[in-house]
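Residues per chain, in single letters:
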Amino acid sequence: MGIHYDDNGRMFKLDTDHTTYLMGLTPEGYLGHVYYGKKIKQFGGAYRLRMQEAPFTPSVNKREKSSFLDFFPMEYPTGGIGDYRESCLNVRNEQGCMGAELLYVSHVIEKGKPGLPGLPASFGSEDEVETLRIVCRDEILGLEAELMYSVFAAEDVITRSVKISNQGRENLRLEKVYSACLDMDHRDFEMITLHGSWARERHIQRRSIGYGKQMVSSFKGESGHQEHPFLALVTPDTTQEHGEVYAMNFVYSGNFIAQAELTQFHQIRMVMGIHSEEFCWKLAPGETFVAPEAVMVYSSEGLGKMTRSFHDFYRNHMIRSPYKYKSRPVLINNWEATYFDFNTEKLLAIAREAKANGIEMLVMDDGWFGKRNLDDSSLGDWEVNEEKITGGLAELVRQVNEIGLQFGIWFEPEMISPDSNLYRRHPDWAIQIQGRENTQSRAQYVLDLSRKEVRDYAYECVAKILRSAPIAYVKWDMNRQLSNLGSAKLEPDRQQELFHRYVLGLYEMQERLVTEFPDLLLENCSGGGARFDPGMLYYSPQIWCSDDTDAVERLRIQEGTAMIYPISAMGAHVSDCPNHAVGRTTPFETRGHVALAGTFGYELDITKISPEDRAQIPEQVAMYHKYNDLVREGDYYRIASYSRNHMFDCYGVVRKDKEEALFTYVQVMNRPNYHSRRIFFKGLDPEKLYQIEGEEGTYTGDVLMKAGYLVQNLWGDYKARLIHVVKA
Ligand code: DGJ
């Protein structure tokens, strides 16, 4: 299998199908990083630890220990004793001093992969994954660190996480516990990250790396719109097909840091973990802290290979939902159709028209409960507003089902409005700093999910509704970031645990939900796509990608998202025009083609759109069903990027057996007086004979990929074409 230990050389070797990861031990027991990259057959390479070079290892030269620590490629660096680069673990003792030093004690190699208590974590059978646990210790503190590496050979993925246990006699304070570190010699790497804002999430950013630290992070309590828990270091020539890529992605939905640090000796240290700002965990004797998982991918074949490794990995080993390999019902959501202004009559009118056009589910969005007719009240009062929903929720669900649609519903369970019965009863349930005016965002506060009674209440509100009627789908929203961190229940020396305890509380609630309602289709959401991360994928097979449903803006958003996440996970809908986020009008057909690269659904008032647009819906629904198996399970290839060329976009999905492919071409801007545009398909079998649906002639994959395919100019801007390639 994939993990080996060489007792003579004291080295660990982790092999996936195409990659090798090597670690070595110094005579004292420091665990050093030797190599990560293309597969190497034999053990070896310990010289890369440079133990023969001055200042030698500490046992030989105690005098220069700090020079050693500040240079040695450390697998899991600790702070306070002389490694001045970014540390992964900072521990303060009862005297108030910070310092720890981890030395190897033992290791175990086992088949399979254990879960992480309370946290989302990848999984796999004993044939699919193998795990190495390396136990290291700081004798002075009585602190044990278990470094866990799991090897998913077929996907070329190695995951990492860390367990810190206090086996000593005094309380310890963990001021920083990152999940992964990668120390390498710098090779003019560039870094790729994702940045954004509300309505423009996950745009790709590529930049060169200078001396010092460069990072992306969040301390908003969620992974966030702005930066993303993802970092890739790439060699300068890297494209979709070529170049070396070292990527990390964090399986966590709260504060994070992803950082590259270029040091004085031209080494690069890449780290990922929970952000240390406003984090401090009190670890009493006997207690253990578990850091979330980081996913590492190395590709020697460019970004495309990295993407496909992540996609396969998340599909096979992170998403648990029974829907992951199933077509999801085509839904229509009333948010952009009505906002808060709806009632039973309007919803049923939408449902009837939707049914007549082949749509399969109605989702009732925000505004059905309490007295919520705007976004300024009632979060926490999860009782249906019978003035809007006459006869109650169960009756509405019955009527919608009778029309022939499934029913879905929106919740925002983590929140509390100052104007709510819940807040009037339990003002202390909101996260807040005593004596300081609490900060509102979208006129709401955040519930203190670190408290069990609060979680129980919020969970029961959702569960009670789901038990009351046949509800097939839930959209779980979260519309503000955390601030004014304070919990009425936590001890003063545990207040800095709140950010993490909040995320653990959220995970606990979602775990309860998917356990009690195993057939529920859950879609996570956060003011658009502010919590689109692998942690949430563990609970929901799809996540709302962005509140920007404009077909052109979506090209950028979906390109960045699909660089890491399977497109079957991207919530994407056809909405009305002029688009509500940008005011742009694009053809209905283009909106459909762009939404096809996602979960596919509608977000418009079907009773009000033009008859010409409406007439396209049955065809689009049929198109979704025709292609969804391919879109959901195929291999994704990026062919051209509108974000880079500002003219057109092209991507494709290819069936695993390479017998079928679908390429989407979007001509954002037309050009006058040009001939057709040549695009080069990817991922086909060079030997196989293909034909393009609706066209004459056959071509080998080789020709289509090397000589290319000519897309005729389309008349007008914002035009799109689907090119369906099938085996001849
Ligand atoms: C933000 C979501 O992204 C929207 O789709 C919608 O559900 C609103 N919240 C409702 O408040």
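Residues numbered from 1 in each chain as written. Predicted model: local features only at pLDDT ≥ 70, side-chain atom pairs only at ≥ 80, totals over all residues. Heavy atoms only, no water.

Visitor: Is there a simple way to think about the overall build of the protein in this case?
Guide: Looking only at helices and strands, one finds 14 helices and 39 strands in the protein. For 728 residues, the compact-globule estimate of 2.2 N^0.38 gives 27 Å, and the protein sits close to it at 27 Å. If you line up the protein on its principal axes, its C-alpha atoms span 80 × 70 × 45 Å. Within the protein, buried positions represent 62% of all 728 residues. For the protein, long-range pairs separated by at least 24 residues make up 69% of all intrachain contacts whose partners lie at least 6 apart in sequence. As presented, the protein carries roughly 26200 Å² of accessible surface, and 49% of it is formed by carbon and sulfur atoms. (Helix = DSSP H or I, 4+ residues; strand = E, 2+ residues; numbered from the N terminus. Rg over C-alpha atoms; globule rule 2.2 N^0.38 Å. Buried < 20%, exposed > 50% of the residue type's maximum accessible area, 1.4 Å probe, protein only. Contact = heavy atoms within 4.5 Å. Areas by Shrake-Rupley, 256 points an atom, 1.4 Å probe, with all protein chains shown as cover.)

Visitor: Even after reading the chapter, I still don't get the environment of Glu94, so can you show me in this structure?
Guide: As for its placement among the helices and strands, Glu94 is situated in the loop between strand E5 (89-92) and strand E6 (103-111). Residue class for Glu94 comes out partly exposed when judged on its relative accessible area of 49%. Here the alpha-carbon distance between Glu94 and Pro55, two residues 39 residues apart in the chain, equals 33 Å. Leave out the neighbours within four places in its chain, and Glu94 touches Glu170 and Asn171. Reaching out from Glu94, the side chain makes a polar contact with the backbone nitrogen of Asn171 at a distance of 3.1 Å. (Polar contact = N/O pair within 3.5 Å; in protein donor to acceptor, adjacent residues only side chain to side chain.)

Visitor: Help me understand empty space enclosed by the protein in this model?
Guide: Here the idea is plain: a probe the size of a water molecule rolls over the atoms and shows the empty space left. In total, this model carries eight cavities of 30 Å³ or more according to the counting rule given. Volume-wise, the largest cavity comes out at about 140 Å³. Looking at the lining of the largest cavity residue by residue, the classes come out as ten nonpolar, one polar and three charged. (1 Å grid on protein atoms, 1.4 Å probe; cavity = no way out; pocket = protein on both sides within 12 Å on 5 of 7 lines; lining within 4 Å. Points joined across faces, edges and corners; volume = space filled by probe spheres on them. Nonpolar A, V, L, I, M, F, W, Y, C, P; charged D, E, K, R; others polar.)

Visitor: Explain the site of the ligand here, please?
Guide: Surveying the vicinity of the ligand reveals 13 residues, the closest of which are Asp365, Asp366, Lys475, Asp477 and Asp547. One of the side-chain nitrogen or oxygen atoms of Asp365 is found 2.7 Å away from an oxygen atom of the ligand. In this structure, Asn479 approaches the ligand through a side-chain N or O atom, which is 3.4 Å from a nitrogen atom. Of the residues assigned to the shell around the ligand, the class counts are four nonpolar, three polar and six charged. (Near = heavy atom within 4 Å.)

Visitor: Explain the pattern of salt bridges here, please?
Guide: Side chains that carry opposite charge are capable of pairing whenever their charged atoms lie near each other. For the structure on display, the rule yields 64 salt bridges. The salt bridge partner of Asp156 is Lys305, with a shortest N-O separation of 2.8 Å. Residue Asp156 is found in the loop between strand E8 (143-152) and strand E9 (157-166), and its partner Lys305 is found in helix H2 (residues 302-317); the two are separated by 149 residues along the sequence. Among the ionic contacts, a cluster of salt bridges with common partners joins Arg655, Asp657, Glu659, Glu660, Asp685, Lys688 and Lys727. (Salt bridge = Lys/Arg side-chain N within 4 Å of Asp/Glu carboxyl O.)

Visitor: For this particular structure, what's the right way to read the side chain of Asp649?
Guide: Along the chain, Asp649 turns up in strand E33 (residues 648-654). Of the polar contacts made by the side chain of Asp649, one reaches the side chain of Arg638; its length is 3.0 Å. Dropping the residues within four chain positions of it, Asp649 is found in contact with Leu555, Glu559, Arg638, Ala640, Ser641, Tyr642, Thr664, Tyr665 and Val666.

Visitor: What is the right way to look at the packing of aromatic side chains in this model?
Guide: Note on aromatic pairs: each is described by the distance of the centres and the angle between the planes. In total, this model carries 41 aromatic pairs according to the counting rule given. Where Tyr30 meets Phe68, the ring centres are 5.2 Å apart and the plane angle is 50°; that geometry is what we call tilted. One end of the pair, Tyr30, is in the loop between strand E3 (19-25) and strand E4 (31-38); the other, Phe68, is in helix H1 (residues 65-69), and 38 residues separate them in sequence. For the pair formed by Tyr30 and Phe68, the shared burial category is buried. The interplanar angle of 65° and the centroid separation of 5.7 Å between the aromatic rings of Phe279 and Phe289 together place this pair among those described as edge-to-face. With a gap of ten residues between them, Phe279 in the loop between strand E17 (267-273) and strand E18 (281-283) and Phe289 in strand E19 (residues 288-290) connect regions that are remote in the sequence. We classify Phe279 as buried; its relative accessible area is 5%. The class of Phe289 is buried, set by a relative accessible area of 2%. Between the NZ or CZ atom of Lys475 and the centre of the ring of Trp544, over which it lies, the distance is 5.7 Å. The aromatic ring of Trp544 is capped on one face by Arg554, whose charged end is 5.0 Å from the ring centroid. (Phe/Tyr/Trp six-rings, centres within 6.5 Å; stacked < 30°, edge-to-face > 60°. Lys NZ or Arg CZ within 6 Å of the ring centre and 35° of its normal.)

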